[in-house]
Amino acid sequence: MSRRKFIRNTLIGAAGIGVGTGLYAWQVEPFWLEFVKKKMPIKNLPDELKGKTLMQISDVHIGNRFDYQYIIDSFAKAQQLDPDFVVYTGDYVSYEDERQFSQLAEVLTHAVKGKLGTVGILGNHDYGKNWSEQEVADQISSQLDQAGIQMLSNDKVDLNGLTIIGLDDYWGLNFNPNQIMNRADFAQPSVVLCHNPDVCDLEVWHQYQGWILSGHTHGGQVKPPFLDPPILPVKNPAFSSGEISLNDGRTLYINRAIGHLWQVRLNVRPEITLFELEKKG
C-alpha cells in the first residue's frame, strides 16, 4: 500500500470512528439505563427492615431537550423491582417555561413509589431560571405531593422505622440544613437526601454518621476513557459519581442521573440505584 493510500484510509477510518462515537453518545447511551445495586449498612436498623430495598431516582429533567417517553418507560422498568422505599433527589424538570408543569404532570402519572414510603427533595433546576423563582419550586412541590411523593425541605419523616432527612437545594432559595440537623436524632437509623454533594464539605452535619444520597453531577455525562469527567457542576472534583467514603462515618452516594440536561452521554450511563438495607455492625 502506498503512503498516500495508507494516510487516506487512516483518515477515513478515524472519521468513521468519530461519527460512530458521536451517534452512540447521542442516540444510544443517553437511553441505556443501568440499574445499580448496592448494599446499604445502617446503624441501629430495625430487624424488620433488614433486606428491604430503597430506590434512588435523581435528576429526571423533564422538558424539551430529550424525548421523555424514555423516562416513562424507565419508570415502568423500575416498578418491576417493587421497591420498599423510593427517594427522589431533585431536578425533576429542566425549566424553560410553564410547559414543564404539564410535561411533569404527564410523567408523574407513572411515578415509581415505594411500598413503605416515597420521599423527594428539590434540586436547583426546580427553582426555575437562575434558581430564583419560588413560584416554580412551589408548583413543582405541589405536583409531586399530589402524585404521592412526600416533599421535604430541611425536614424529616419517619417511614416504618427509617428516618429520611431531606435538605433543600444548596443553590436554591431555601437552603437551611441547620434547621433540621440541629434537632435530628442521629441515634435513629437515618438517611439524608441532599441534591448537591458539595454540601458534604460544609460544617452542617453535627456528628451525623450515615448515608447521604445526592445527584446533581450526572457523573459529568461525558467521561473520556481513563480520565476524569472534564465538566462537573461542583467545587469538589472528587464528587463525581458513585460511593465515596467521607472518612468520618459518613458515606456519600452520587447517582449519575436518569435524565440529562443535554442528550449526550459517553462512558456515563444513566442510572437508577437500588440499595438493600442491612444492619451496620
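Located above this text is the structure these notes cover.
This one's a predicted model, so the numbers in the text were calculated from it and none came from an experiment. (Residues numbered from 1 in each chain as written. Predicted model: local features only at pLDDT ≥ 70, side-chain atom pairs only at ≥ 80, totals over all residues. Heavy atoms only, no water.)

Caption draft 1: Quick peek at the side chain of Glu133. When you line up the elements, Glu133 lands in the loop between strand 4 (117-121) and helix 4 (134-146). In terms of polar contacts, Glu133 uses its side chain to reach the backbone amide nitrogen of Lys129, at 2.7 Å. With sequence-adjacent residues up to four places away left out, Glu133 is seen in contact with Tyr95, Tyr127, Gly128 and Leu173. (Helix = DSSP H or I, 4+ residues; strand = E, 2+ residues; numbered from the N terminus. Polar contact = N/O pair within 3.5 Å; in protein donor to acceptor, adjacent residues only side chain to side chain. Contact = heavy atoms within 4.5 Å.)

Caption draft 2: Quick look at the side chain of Glu271. You can see Glu271 is positioned in strand 12 (residues 271-279). In terms of polar contacts, Glu271 uses its side chain to reach the side chain of Tyr253, at 2.5 Å. Within the local environment of Glu271, its side chain forms a polar contact with the side chain of Thr273, the two groups lying 2.7 Å apart. Setting aside residues up to four positions removed in sequence, Glu271 forms contacts with Leu33, Glu34, Val36, Tyr253, Ile254, Asn255, Arg256, Ala257 and Ile258.

Caption draft 3: How the structure looks around the pairing of strand 9 (residues 211-214). Across the two faces of strand 9 the burial is the same, with Trp211 and Leu213 and Ile212 and Ser214 all buried. Strand direction decides the pairing type here: strand 8 (residues 190-193) and strand 9, joined by 3 bridges, are parallel. What sits directly across from Val192, in strand 9, is Ile212. Sheet analysis places strand 9 next to strand 11 (residues 251-254), joined by 4 bridges and oriented parallel. Bridge assignment links Ser214 to a residue of strand 11, and that residue is Ile254. (Buried < 20%, exposed > 50% of the residue type's maximum accessible area, 1.4 Å probe, protein only. Pairing = 2+ DSSP bridges.)

Caption draft 4: Broad picture of the sheet that holds strand 5 (residues 150-151). The mixed open sheet is built from 6 strands, whose spatial order is 1-12-2-3-4-5. Of all strands in the sheet, those with a lone pairing partner are strand 1 (34-42) and strand 5, marking the two edges. Most of the contacts of helix 2 (residues 69-79) go to strand 1, to which it runs at about 50 degrees, and overall it touches strand 1, strand 2 (53-57), strand 3 (85-89) and strand 12. (Axes fitted to C-alpha atoms, helices over the stretch in contact; angles between N-to-C directions.)

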